[in-house]
Amino acid sequence: MDFPTPTSMAEVMSTLADIFFFYRHNPLVYEGFDLKELKLNRLEYTLPTDEEFTSLATTLLSATHYREIADKKSGYLSELSVLNNNLASLSKKAEKLISEANLSCDKAIDSVKEDAIKRGIEYSTIPNEKIASIVSENKTLLADINSQIEGEKLSLQSKISALQTLIDGVEDYYRPIHEKEIAAKAYELKTKALEVDREVFKYNNSLDQKEQEYANNLIKTNANLEIKYLEIRINPYSKDELIAMGYYTDCLICVTSYLDTLPDLLAYEKITETGELAVYLDEYYQDLVYMYKVKSHPGDY
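Residues numbered from 1 in each chain as written. Predicted model: local features only at pLDDT ≥ 70, side-chain atom pairs only at ≥ 80, totals over all residues. Heavy atoms only, no water.

Novice: Just give me the short version of the overall build of the protein, but keep the residues and values in it.
Specialist: From N to C terminus, the protein includes nine helices and zero strands. Scanning the protein from its N terminus toward the C terminus, one meets helices and strands in the order α-α-α-α-α-α-α-α-α. Over its C-alpha atoms the protein spans a radius of gyration of 53 Å, topping by over 25% the 19 Å that the globule rule assigns to 301 residues. In terms of overall dimensions, the protein has C-alpha extents of about 170 × 35 × 25 Å along its principal axes. Every one of the 301 residues in the protein was classed for burial, and the buried ones make up 29%. Nonlocal contacts in the protein, meaning residues at least 24 apart in sequence, comprise 81% of its contacts between residues at least 6 apart. For the protein, the exposed surface amounts to about 19,800 Å²; the carbon and sulfur share of it is 55%. Each charge class in the protein can be summarised by its mean position, and for the 33 positive and 51 negative side chains these summaries are 12 Å apart. (Helix = DSSP H or I, 4+ residues; strand = E, 2+ residues; numbered from the N terminus. Rg over C-alpha atoms; globule rule 2.2 N^0.38 Å. Buried < 20%, exposed > 50% of the residue type's maximum accessible area, 1.4 Å probe, protein only. Contact = heavy atoms within 4.5 Å. Areas by Shrake-Rupley, 256 points an atom, 1.4 Å probe, with all protein chains shown as cover. Lys, Arg positive; Asp, Glu negative; His and termini not counted. Charge placed at Lys NZ, Arg CZ, Asp CG, Glu CD.)

This is the structure in structure tokens:
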């Protein structure tokens, strides 16, 4: 008998049922068994956003960054303390130098006066001229002292001002450095997280495959049970007789006439997804699965 050429998997199954009915004389309906499906628990993992990676990196590095800024400021503040102490001591230094200069001046004047009395010229112009010279030299010395102190003061104030600028700019100095470190840390965290995400996907995908394989096995098991049932209950023909009658030939022509119209990979997916074909094809089902697997993955064989 000629059977129609199917154009879809649904038509394939319908035609196979017709072939089955034709050769096996309208077998009784097989109710099947309720076999429990396999359901495995998946891992759940949500990849953080770039903003969350940056926030986490900032938190992880915050203590180190704070310590860097604090240490730098502490060093500057120590230097600033020394400079401020030096500036504060300038007035005492000035008082000491001025006091020493005036004391030396007074002693020199007293010495001139005593010498003039001994020589009996205390009322002459000679001692007065010496005293005037001593006073003049002392004024010059005092002016030099004031100039020196003022110069040191200006130098210290300049250093203090420069140091204060450095202290005020510590955060600005470290900001670009810390931003780069945070970006690098965020990239490191993201790289590790992507690896975790890939591993979770791979694991969950393996569970999908296991569940599909188990489901296919359930279908095949039920199909085999149905075949056994039919063989026991209503099939008057042996397998060799069915082969001789052309049952399997018609079944194979029905299946391949449709699958051969599809791309190799799609044909392989169709036949592996349709495990109930084993009801009609028996072990020839696995032969067809292997044939389309080879055609769809030629490089593996």
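Novice: Requested: an account of the environment of V255, with residues and values cited.
Specialist: Along the chain, the position of V255 falls in helix α6 (residues 247-259). The spacing of V255 and Y45 is 210 residues in sequence and 42 Å in space, taken between C-alpha atoms. Ignoring anything within four residues of it in the chain, the contact list for V255 reads V12, L16, L277, L281 and L288.

Novice: Can you break down unusual backbone geometry residue by residue, with the values?
Specialist: Even without being a glycine, D282 presents a positive backbone phi close to 55 degrees. With respect to the element layout, D282 can be found in the loop between α8 (278-281) and α9 (284-296).

Novice: Quick one: what's the story with the packing of helix α7 (residues 264-273) against α9, residue by residue and with numbers?
Specialist: Packing of α7 against α9 brings their axes to within 8 Å, and their N-to-C directions diverge by 155 degrees. By the criterion of interaxial angle, the relationship of α7 to α9 is roughly antiparallel. The way α7 lies across α9 gives a crossing that is left-handed. Between α7, through D264, L265, A267, Y268, I271 and T272, and α9, the contact on the second element is made entirely by Y285, L288, V289, Y292, K293, K295 and S296. (Axes fitted to C-alpha atoms, helices over the stretch in contact; angles between N-to-C directions. Parallel < 35°, antiparallel > 145°, perpendicular 65-115°, else oblique. Left-handed = near helix turned anticlockwise from the far one by under 90°.)

Novice: Break down the packing of aromatic side chains for me, citing the residues and quoting the values.
Specialist: Using the criterion set out here, one finds eight aromatic pairs in the structure. Measuring from centroid to centroid gives 6.3 Å for F20 and Y247, while their planes differ by 70 degrees, and the two rings are edge-to-face. Of this pair, F20 sits in helix α1 (residues 9-24) while Y247 sits in helix α6, and the two are 227 residues apart along the sequence. Look at Y247 and you get buried, because its relative accessible area is 0%. An aromatic cluster is defined as three or more aromatic residues linked by ring pairs; in this entry it consists of F3, F20, F22, Y23, Y247, Y248, Y280 and Y284. (Phe/Tyr/Trp six-rings, centres within 6.5 Å; stacked < 30°, edge-to-face > 60°.)

Novice: An account of the nonpolar core is requested, with residue identities and associated values reported.
Specialist: One finds L16, Y247, L259 and L277 to be the most contacted residues of the largest nonpolar core, which totals 31 residues. Mapped by element, the contributors of at least two residues to this core are α1, α4 (170-233), α6, α7, α8 and α9. Not counting chain neighbours up to four residues away, the residues in contact with Y247 comprise I19, F20, Y23, R24, L242 and Y280. Counting 16 residues, the second-largest nonpolar core is a separate cluster that includes L83, A101, L142 and I149. (Core = buried A, V, L, I, M, F, W, Y, C linked by side-chain atoms within 4.5 Å.)

Novice: Which residues make up the state of the cysteines, and what values go with them?
Specialist: For the coordinates displayed, the defined rule picks out zero disulfides. Between C251, a free cysteine, and C254, which holds the nearest cysteine sulfur, the sulfur-to-sulfur gap is 7.1 Å. A residue is classified by how much of its surface remains accessible, and C251, at 0% relative accessible area, is buried. (Disulfide = S-S within 2.5 Å.)

Novice: A description of the confidence of the model for the protein should follow, citing residues and the corresponding values.
Specialist: When pLDDT is low, close inspection of the predicted coordinates is not appropriate. In the predicted model, the protein carries a mean pLDDT of 88, and 93% of its residues have values of at least 70. The secondary-structure element of the protein with the lowest mean pLDDT is α4, recorded at 87, while α6 shows the highest, at 95. (pLDDT = per-residue confidence, 0-100.)

Novice: Summarise the environment of S104; cite the residues concerned and give the values.
Specialist: Along the chain, the position of S104 falls in helix α2 (residues 50-119). For S104 and N138, which are 34 residues apart along the polypeptide, the C-alpha to C-alpha distance reads 8.6 Å.

Novice: Residue-level account of a nonpolar patch on the surface, with values.
Specialist: Residues Y45, L47, L194 and V196 make up a contiguous nonpolar surface patch of about 270 Å² in total accessible area. Structurally, the position occupied by Y45 is in the loop between α1 and α2. (Patch = residues over 30% accessible without salt bridge, like charges linked within 9 Å, V, L, I, M, F, W, Y side chains within 5 Å. Salt bridge = Lys/Arg side-chain N within 4 Å of Asp/Glu carboxyl O.)

Novice: Residues and numbers for the packing of α1 against α6, please.
Specialist: Axis angle and axis distance: for two packed helices, these are the angle between their axes and the distance between the axes, and together they describe the pair. Between α1 and α6, whose axes approach to 10 Å, the crossing angle comes to 170 degrees. When the axes of α1 and α6 are compared, the pair comes out roughly antiparallel. Contact residues: M9, V12, T15, L16, I19, F20, Y23 and R24 in α1; Y247, Y248, D250, C251, C254, V255, Y258 and L259 in α6. Split by residue class, the contact of α1 with α6 holds 13 nonpolar, one polar and two charged. (Nonpolar A, V, L, I, M, F, W, Y, C, P; charged D, E, K, R; others polar.)

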